[in-house]
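Read off the chains here:
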Amino acid sequence: MLSQTLRPRGAITTAIYGSIALAASVASVDTFNVLDYVDPLIGTANGGHVFPGATLPFGMAKAVADTIGENQAGFAFDTTFVTGFSHMHDSGTGGSPSLGNFPIFPQPSCPNDDINQCKWQLNDRAVAWEKNSVKARPGYFSISLANGVQAEMTTTNRSALYRFTFDEASSESLSPVVLVDLIDLPQSRSKGTADVDSSTGRQTGNGTFNPSFGIGSYKLHYCVDFKGAELRDTGVWTKNQANITRKTISLGADGATLSGGTFVRFHSPKDNTILARVGVSFMNVKQACANAQREQPDFDFDGTRAAAETAWKKKMGVVSVDAEGVSKDLQTIFWSGSYRSLISPQDYTGENPLWESDEPYYDSYYCIWDSYRSIHPLLTLVDPLSQSLMMRSLLDIYRHEGYLPDCRMSLCKGYTQGGSNADVLMADAYLKKVEGIDWDTAYEAVVKDAEVEPANWDVEGRGGLQSWKSLGYIPIDDYDPYGAGTHTRSISRTVEYAYNDFCIAEMAKGMGKQADYEKYTTRSGNWAHMFKADQKSSINGADTNFTGFLQPRYTNGTWGYQDPIFCSPLLHFTSCYLNPDGHETYEGSSWLYTFYAPHDMGALIKTLGGPEQFISRLEFLHESGLLYVGDEQAFLTVFQFHYGGRPALSAKYSHFYIPSQFNTTTAGIAGNDDSGAMGSFVMLSMMGLWPVPGQDVYLITPPYFKEVSIENPVTGKTATIRNVNFDPSYTSIYIQSANLDGKTWTKNWLTHDFFTEGGVLELELGSTESQWGTKTEDLPPSLSSYQQ
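Residues numbered from 1 in each chain as written. Predicted model: local features only at pLDDT ≥ 70, side-chain atom pairs only at ≥ 80, totals over all residues. Heavy atoms only, no water.

Undergrad: Which parts of the structure should I look at to understand the nonpolar core?
TA: One recurring pattern in soluble globular proteins is that nonpolar side chains are buried together. Phe85, Phe141, Ile143, Tyr162 and Phe681 are the most contacted members of the largest nonpolar core, which has 224 residues in total. The leading source of residues in this core is helix α12 (residues 490–510), at eleven residues. Excluding its chain neighbours within four sequence positions, the residues that come into contact with Ile143 are Ala65, Phe75, Val82, Phe85, Trp129, Ser133, Val134, Val149, Gln150 and Ala151. Residues Tyr140, Leu275, Phe299 and Phe301 belong to the second largest nonpolar core, which totals five residues. (Core = buried A, V, L, I, M, F, W, Y, C linked by side-chain atoms within 4.5 Å. Buried < 20%, exposed > 50% of the residue type's maximum accessible area, 1.4 Å probe, protein only. Helix = DSSP H or I, 4+ residues; strand = E, 2+ residues; numbered from the N terminus. Contact = heavy atoms within 4.5 Å.)

The following block contains the structure:
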């Protein structure tokens, strides 16, 4: 998640199953339509920042109504006024709004038929929207405004198509005006130019804008064509004045919040309807127009919408569930979260003006700090082809810009929140044999993260590498003459760097680089250098009775202090963001980060006092109010009971959060969606498979369905997880025994070959905790051995 002012945040949406496949046996396979169980409006209120508009899977064009208020994704349900309809957005981000460039806005006519009496400026033209009018479905969005306009929209990959229907009551006096505004949602424009063709009504232009969570700027172009009414006149406008003689307008940096642009006015349309087709491009206006003409030559709204629905059903079709007995609400939570997990990253291939390349280009990684934990492991399961394209895109960014990004949007470098977590993605893809990736370049890139400090480590790589190599931790008073960056997060950066190095070691081992394997394995143990064994913790003056927490440390080896509950919901949570005056843990407390050593849980459990103390402490984390599940670092802690030999408790706490924190209301996720991080958390949890990113490990809990199947798009093999004695009341959620392809399976984890080779895992369930998966030999891998 991102800070309130700097970074995109996340909120648990519901698992990507919905977007990926749906064959459920509540109804017959022939009648089941997964899209009927997707509600794009979930998470559009109360800070969820979910994009509910029309888009394709990973599509660049994203059309929706833009509202006044907390409009990071354009539209928010807990708002009142619409200011326009724009064609590119991001989903679930925190911090500043993103994109929303070049909104178009229709007005049925100008008062007294006077063009200067129309409303032009952003806030002046704002009109109330009717609360019961909104309809959202994959590939489609519709809303009705108080001025008598119904706006519908659908998209292709690089273009949007709008259908504006005007109230029949005013048809005789209709002379619709449609403007294009050179503004964007964060109002960051430094310059912009717009033109209108007086003979065709085509509106074109471009603008230069800033990204919402990064550095630099980007230039975007648009092209708008119309169909459905005879052109009356055209012109330009700025402030609250229109000019029908001018056809070009330019705006500079002195008025980033100033609206201005072009307009077209029509004679009354015969059927009260006007179609507006908008092409977008990062390359030039010509390509923006070509994108629209190629993808939507006939202005066929219904056909375009149908094609979008087909694309979504195909993308979702690799997963199927037997939902017998499962409530419609839970199915909607599941499939809606799954849908949101397929919105980003966005495919900008062919739209990158920064360099020439035959490689794919994906954008809107908001941010890898969020997405490496669940989004990309999920895509590796359900859409490995797209995951391969995304990894190739990251490597092409490395080739041309020198480092793997930790965050990226709108062709710009985004802010790094912790470690160099693209390293985790590369290791995860390597271990799971994702095809089509240049592994030599991938290894070169992750080693550079570990060894070469960039000039600006706020946006790439790692800072403090000299201290990391010499001291084995990031000190609170770090002196770093080798690069510039924000000197905060010494605890959270230390544990993330340690895990990043472990992931590099895993790649080195597989590639036969023994010396590197030993080097990075040793460095992966640096997390322990921040553990202060005698540190106590209290809540409101009452001792928690747990001792030993990560603490900040000075260059000379002495200890600093940060209250272990600081940066939790119980103590000043909102101050721990990516700010120069931030703290030593990022968006989470020392309580939370003390659990982060997923590569060496044997050592961590021993450090925390053994399995019984570990389990007791982990339960306290979940029960005390210290944990906010709307932040992605919380995800793994839900399932870490597996490492302490209590996998039943992972199932218990999965159900503790779902559906209590996730429901079908517009506020129905735990925080910001973070580009689908929360949705993928829910999908994976409800599938009963928690991937440990950067390792070939899936922790097993019972699915929320009688049966879940995943067809691997590469091998064509199907992996099925089946609950025996399935209980839709979820009283019997504890595994009593398991069989894998007819043979007894006692390990509480699986490897990825189950999904590539196919098979059947049967889980016999009961209402009480059993001994299944509790023996030392059945626990997930750990660098250090477990001690009972």
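Once the structure has been displayed, the description carries forward.
Undergrad: Help me out: how do you make sense of the environment of Asn421 in this one?
TA: Locating Asn421 in the fold gives a position in the loop between β22 (412–413) and α9 (422–431). Distance in space between the C-alpha atoms of Asn421 and Phe209 is 27 Å, their sequence separation being 212 residues. Ignoring sequence-local partners within four residues, the contact set of Asn421 consists of Ile368, Trp369, Tyr372, Asp406, Glu496 and Asn500. Within the structure, the side chain of Asn421 is placed 3.0 Å from the side chain of Asn500, a separation counted as a polar contact. (Polar contact = N/O pair within 3.5 Å; in protein donor to acceptor, adjacent residues only side chain to side chain.)

Undergrad: Explain the packing of helix α7 (residues 375–382) against helix α19 (residues 677–687) to me, please; I cannot follow it from the model alone.
TA: Axis angle and axis distance: for two packed helices, these are the angle between their axes and the distance between the axes, and together they describe the pair. Contact geometry of α7 with α19 gives a least axis separation of 9 Å together with a crossing angle of 55 degrees. Overall, the two elements α7 and α19 adopt an arrangement that is oblique. Along this stretch, α7 crosses α19, giving a crossing that reads as left-handed. Contacts between α7 and α19 involve Ile375, Leu378 and Leu381 from the former and Ala677, Ser680, Met683, Leu684 and Met687 from the latter. A per-class count over the contact of α7 with α19 returns seven nonpolar, one polar and no charged. (Axes fitted to C-alpha atoms, helices over the stretch in contact; angles between N-to-C directions. Parallel < 35°, antiparallel > 145°, perpendicular 65-115°, else oblique. Left-handed = near helix turned anticlockwise from the far one by under 90°. Nonpolar A, V, L, I, M, F, W, Y, C, P; charged D, E, K, R; others polar.)

Undergrad: In this structure, what is going on with the layout of surface pockets? I would like to understand it.
TA: Space left empty within the atom packing is revealed by a probe, the size of a water molecule, rolled over the atoms. Of the pockets and cavities examined, the largest pocket occupies roughly 310 Å³. Contributing to the lining of the largest pocket are 16 residues, with Lys432, Lys433, Val434, His752 and Thr756 lying nearest its centre. Breaking the lining of the largest pocket down by element, the ones donating at least two residues are α8 (384–401) and α20 (753–757). When residues of the lining of the largest pocket are assigned to their parent elements, the largest contribution, three residues, is made by α8. Within the lining of the largest pocket, the residues separate by chemical class into five nonpolar, six polar and five charged. (1 Å grid on protein atoms, 1.4 Å probe; cavity = no way out; pocket = protein on both sides within 12 Å on 5 of 7 lines; lining within 4 Å. Points joined across faces, edges and corners; volume = space filled by probe spheres on them.)

Undergrad: Can you help me understand the state of the cysteines in this one?
TA: Two cysteines joined by a covalent bond between their sulfur atoms form a disulfide. Overall, the coordinates contain four disulfides when judged by the stated rule. Sulfur-sulfur distance for the disulfide between Cys223 and Cys289 comes to 2.1 Å. A torsion of 100 degrees about the S-S bond marks the disulfide between Cys223 and Cys289 as right-handed. Remark: Cys289 occurs in helix α3 (residues 285–295) and Cys223 occurs in strand β12 (residues 218–227); sequence separation between them is 66 residues. Owing to a relative accessible area of 6%, Cys289 belongs among the buried residues under this scheme. Across the disulfide from Cys367 sits Cys407; the S-S distance is 1.7 Å. In this structure the cystine formed by Cys367 and Cys407 twists about its S-S bond by roughly -50 degrees; its chirality is therefore left-handed. (Disulfide = S-S within 2.5 Å.)

Undergrad: Is there a simple way to explain the pattern of salt bridges in this structure?
TA: Charged atoms that come close allow side chains of opposite charge to pair. Inspection of the entire model under this criterion finds 31 salt bridges. With a closest N to O distance of 2.9 Å, Arg137 and Glu309 form a salt bridge. Remark: Glu309 occurs in helix α4 (residues 301–316) and Arg137 occurs in strand β5 (residues 135–137); sequence separation between them is 172 residues. With a relative accessible area of 18%, Arg137 lands in the buried category. The exposure class assigned to Glu309 is buried, which follows from its relative accessible area of 14%. (Salt bridge = Lys/Arg side-chain N within 4 Å of Asp/Glu carboxyl O.)

Undergrad: Where do I start with the sheet that holds strand β26 (residues 698–700) in this structure?
TA: Strand pairing in a sheet takes place through backbone hydrogen bonds and is either antiparallel or parallel in direction. Sheet architecture is open: three strands sit in the order β25-β26-β31, paired in antiparallel fashion. Because the sheet does not close on itself, it has two edges, and the strands there are β25 (689–691) and β31 (749–750). Inspection of the sheet shows β26 paired to β31 by two bridges, in the antiparallel sense. When the bridges of β31 are listed, Tyr698 appears paired with Leu750. (Pairing = 2+ DSSP bridges.)

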